[in-house]
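Structural overview
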Amino acid sequence: MNVPSNSRTLPAEDSPRPVFDRVPRLESMGQEIHDFIAELYPIPRCITGDGVRETLRRIGQRIPLQIHEVPSGTKVLDWTVPKEWNIRGASLKTSAGDTVLDFADCNLHVVYSSAPIDATMPLSELRPRLYSLPEHPDWVPYRYSHYGNAWGFCLSHRQLEALPDGDYHVRIDSTLSDGSLTYGECVIQGRSDEEVLVSCHICHPALANDNLSGVAIATALAGHLGGLDLTYTYRFIFIPSLIGAITWLARNEAGLGRIRAGLVLSCLGDPGPPTYKKSRHGGREIDRAVAHILGQSGDPFDVVDFSPYGYDERQFNSPGFDLPVGLLMRTPFERFAEYHTSADNLDFVRPDALADSFHKCLSIFHVLDNNRILINQSPKGEPQLGRRGLYREVSGQSDEKLEELPLLWVLNLCDGSHSLLDIAERSGLAFTRIKHAANALQRVGLLKDAGVSP
Ligand code: ZN
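Residues numbered from 1 in each chain as written. Predicted model: local features only at pLDDT ≥ 70, side-chain atom pairs only at ≥ 80, totals over all residues. Heavy atoms only, no water.

So, about the nonpolar core. Counting residues in hydrophobic clusters, the biggest one holds 78 residues, and the most contacted among them are Phe-236, Phe-238, Leu-265 and Phe-365. Residue assignment places this core across two domains, with domain 1 (26–81 + 180–370) and domain 3 (373–449) each supplying three or more. Not counting residues within four places of it along the chain, the set of residues in contact with Phe-236 comprises Gly-184, Glu-185, Cys-186, Ile-188, Val-198, Ala-218, Leu-221, Ala-222 and Leu-225. Within the second largest apolar cluster, 59 residues are counted, among which are Tyr-112, Trp-151, Leu-256 and Leu-323. (Core = buried A, V, L, I, M, F, W, Y, C linked by side-chain atoms within 4.5 Å. Buried < 20%, exposed > 50% of the residue type's maximum accessible area, 1.4 Å probe, protein only. Domains from an automatic or database assignment. Contact = heavy atoms within 4.5 Å.)

So this is what it looks like as structure tokens:
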């Protein structure tokens, strides 16, 4: 038997692989995911603080979530967990007392991580602290200064241009103090301790695609997988980007060897086609599973090579970890004009796109969870299918018609050196058809599980 040297023993199973066939109706799923985005949208999230906690509390109402608090000042890899930032309110008023901006109206109005201030100053002094988008005069930009602790306001360019000269009362009621960094973790235990990691960032305020779409889809996926009999263990992490990934990696280094595949989820609700950014290695099982699902979908898609710029796949793929983790998006961040602006709102994310992203993620997990190495028990010549009742199924006399071509591919390539995903790739047939044929052959004893993971 030819088994790759890095293979591990899989726990025994007595029935063909469980399938992901209890997929909820996609229209209602898309709306449900959109509703959850709408629920989380008003919460002012930053990399630390009560906005993240409140978000995790609501996720925890839907899936079993373990909350971790890591104290400020904790050394994590080459970084230090920062002080905790919280905001209670912010406003900009004219000297006559008229409110120009109120954080309560739009939580993008303040630069995130702004230092507190309560002062009166002329427009000329205030002006460098005001951020707008001249090219999109009705949109409010999202700005942050997580590691600089400057203060400032964001507003539409139209609002900015209409500001009369004079004095302004500036108030940002925020605190930056010792506290903690908060993240959440949901583990769906499978039969094997080997893991599929799913990561999303929870540190942006009212931005729907980046990244409430990722948060809501990850929550829906964890909820769905929780009811299934799974081969692998699925670990969902809800973390602030960059420092959250660094913190999680620092605290979980001993267990990283269990991760056999991973996906970072972000920007999954816009109407653009899916884009997959490969892991650093580029040819890992996750890269092949995603390419296979997107390729078989019949929909437009894009697959791009890894680059060390983007979301937390940067940290997971840093050379000291080199984890098999890719990034799944629709339109890549920074390629849609609405990115990091108030136009990345609840209208920009569509229930049908969210449902499609959810379904594609599930299909990817389906490949990972069912990919196997099986061995033909009658490899000399083609075995007689009729004697085993399979010919009847092929010719359509059984409830579930079997296809001949996948059966032949499976029988031919199940020599111990090919996984079901290898066979799907080589035959050009969908993984589900290959798996269906393999299940039937295994049922009649023509295939035996090699007992190792691919
Ligand atoms: Zn972002």
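It is at 8 Å that the axes of helix H11 (residues 404–413) and helix H13 (residues 431–443) come closest, and there the two elements cross at 70 degrees. Considering their axes alone, H11 and H13 lie roughly perpendicular with respect to each other. Mapping the contact onto sequence places Pro-406, Leu-407, Val-410 and Leu-411 in H11 and Arg-433, Ile-434, Ala-437, Ala-438 and Leu-441 in H13. Broken down by class, the residue content of the contact of H11 with H13 amounts to eight nonpolar, no polar and one charged. (Axes fitted to C-alpha atoms, helices over the stretch in contact; angles between N-to-C directions. Helix = DSSP H or I, 4+ residues; strand = E, 2+ residues; numbered from the N terminus. Parallel < 35°, antiparallel > 145°, perpendicular 65-115°, else oblique. Nonpolar A, V, L, I, M, F, W, Y, C, P; charged D, E, K, R; others polar.)

Tallying each qualifying case throughout the model produces 26 salt bridges. In this structure, the salt-bridge partner of Glu-185 is Arg-235, at a minimum N-O distance of 3.0 Å. One end of the pair, Glu-185, is in strand S10 (residues 180–188); the other, Arg-235, is in strand S12 (residues 233–239), with 50 residues separating them in the sequence. Take Glu-185 and Arg-235: they sit in the same class, and that class is buried. Between Arg-235 and Glu-195 there is a salt bridge, with the nearest N and O atoms lying 2.7 Å from each other. (Salt bridge = Lys/Arg side-chain N within 4 Å of Asp/Glu carboxyl O.)

The next point concerns the pairing of strand S13 (residues 259–265). Most of S13 sits inside the fold, with seven of its seven residues counted as buried. Two strands pair when backbone bridges link them, and strand S11 (residues 195–201) and S13 are joined in this way by five bridges, in the parallel orientation. When the bridges of S13 are listed, Val-196 appears paired with Ala-261. The pairing of S13 with strand S16 (residues 325–329) spans four bridges and is parallel. Within S16, the residue paired with Leu-265 across the bridge is Leu-328. (Pairing = 2+ DSSP bridges.)

The domain boundaries assigned to the chain delineate domain 1 (26–81 + 180–370), domain 2 (84–177) and domain 3 (373–449). A separation of 35 Å is found between the C-alpha centroids of domain 1 and domain 3. Listed by partner, the interface residues are eight residues for domain 1 and eleven residues for domain 3. In total, domain 1 and domain 3 occlude about 790 Å² of area from one another, counting both sides; carbon and sulfur atoms represent 58% of this. Three residues stand out in domain 1 for area buried against domain 3, namely Arg-288, His-292 and Asn-370, and they jointly supply 58% of the buried area on that side. At the junction of domain 1 with domain 3, the criterion picks out two salt bridges. Residue Arg-288 is joined to Asp-422 by a salt bridge in which the shortest nitrogen-to-oxygen separation is 2.5 Å. The set of elements that each furnish at least two residues to the side of domain 1 that touches domain 3 consists of helix H7 (285–296) and helix H9 (351–370). Ranked by residue count, the leading element in the side of domain 1 that touches domain 3 is H7, at five residues. Split by residue class, the side of domain 1 that touches domain 3 holds two nonpolar, four polar and two charged. (Buried area = accessible area lost by both parts, 1.4 Å probe.)

Across the sheet, which stays open at both edges, the eight strands sit in the order S1-S10-S12-S11-S13-S16-S14-S15 with mixed pairing between neighbours. Whereas interior strands pair on both sides, the edge strands pair on one side only; in this sheet they are strand S1 (66–71) and strand S15 (302–304). Between one strand axis and the next, the sheet turns by 20 degrees as a mean value, whatever way the strands run. As paired strands, S10 and S12 are joined by five bridges and run antiparallel to one another. By the bridge assignment, Glu-185 is partnered in S12 with Ile-237. Sheet strands in contact with helix H5 (residues 208–225) are S10, S11, S12 and S13, and its direction is about 150 degrees off that of S12.

The next point concerns the confidence of the model for the chain. This prediction gives the chain a mean pLDDT of 93; 94% of its residues lie at or above 70. Taken together, the stretch residues 1–7 has pLDDT below 50 and engages in ten contacts with residues farther than four places along the chain or on a different chain. Scored below 50 in pLDDT, residues 10–19 shows 28 contacts in the model against residues more than four places distant or in partner chains. (pLDDT = per-residue confidence, 0-100.)

Looking at the metal site, the zinc ion is ligated by His-204 (NE2), Asp-210 (OD) and His-340 (NE2), spaced 2.1 Å from it. In primary sequence terms, the donor set of the zinc ion follows H-x5-D-x129-H. A residue pair is termed long-range when its members are at least 10 positions apart, and His-204 in the loop between S11 and H5 and His-340 in the loop between S16 and H9 qualify at 136 residues. (Donors = N, O, S within 2.8 Å, 3.2 Å for Na, K, Ca; no water.)

Here the focus is unusual backbone geometry. Here Asp-210 and Asn-211 are connected by a cis peptide whose omega angle stands at 10 degrees. Tracing the backbone through its elements, the reader meets Asn-211 in helix H5. Here the phi dihedral of Asp-322 falls at roughly 50 degrees; this positive angle occurs in a residue that is not glycine.

Here we come to the environment of Gly-310. Examined against the element boundaries, Gly-310 turns out to sit in the loop between S15 and helix H8 (313–316). Of the residues examined, Gly-310 reaches a relative accessible area of 17% and is grouped as buried. In sequence terms Gly-310 and Asp-173 are 137 residues apart; their C-alpha atoms lie 32 Å from each other. Among residues more than four places away in sequence, those in contact with Gly-310 are Lys-277 and Phe-333.

Its place among the elements puts Thr-48 in the loop between helix H1 (26–40) and helix H2 (50–60). There is a polar contact of 3.0 Å between the side chain of Thr-48 and the backbone nitrogen of Trp-85. The residues contacting Thr-48, other than those within four sequence positions of it, are Pro-82, Lys-83, Glu-84, Trp-85, Ser-180 and Leu-181. (Polar contact = N/O pair within 3.5 Å; in protein donor to acceptor, adjacent residues only side chain to side chain.)

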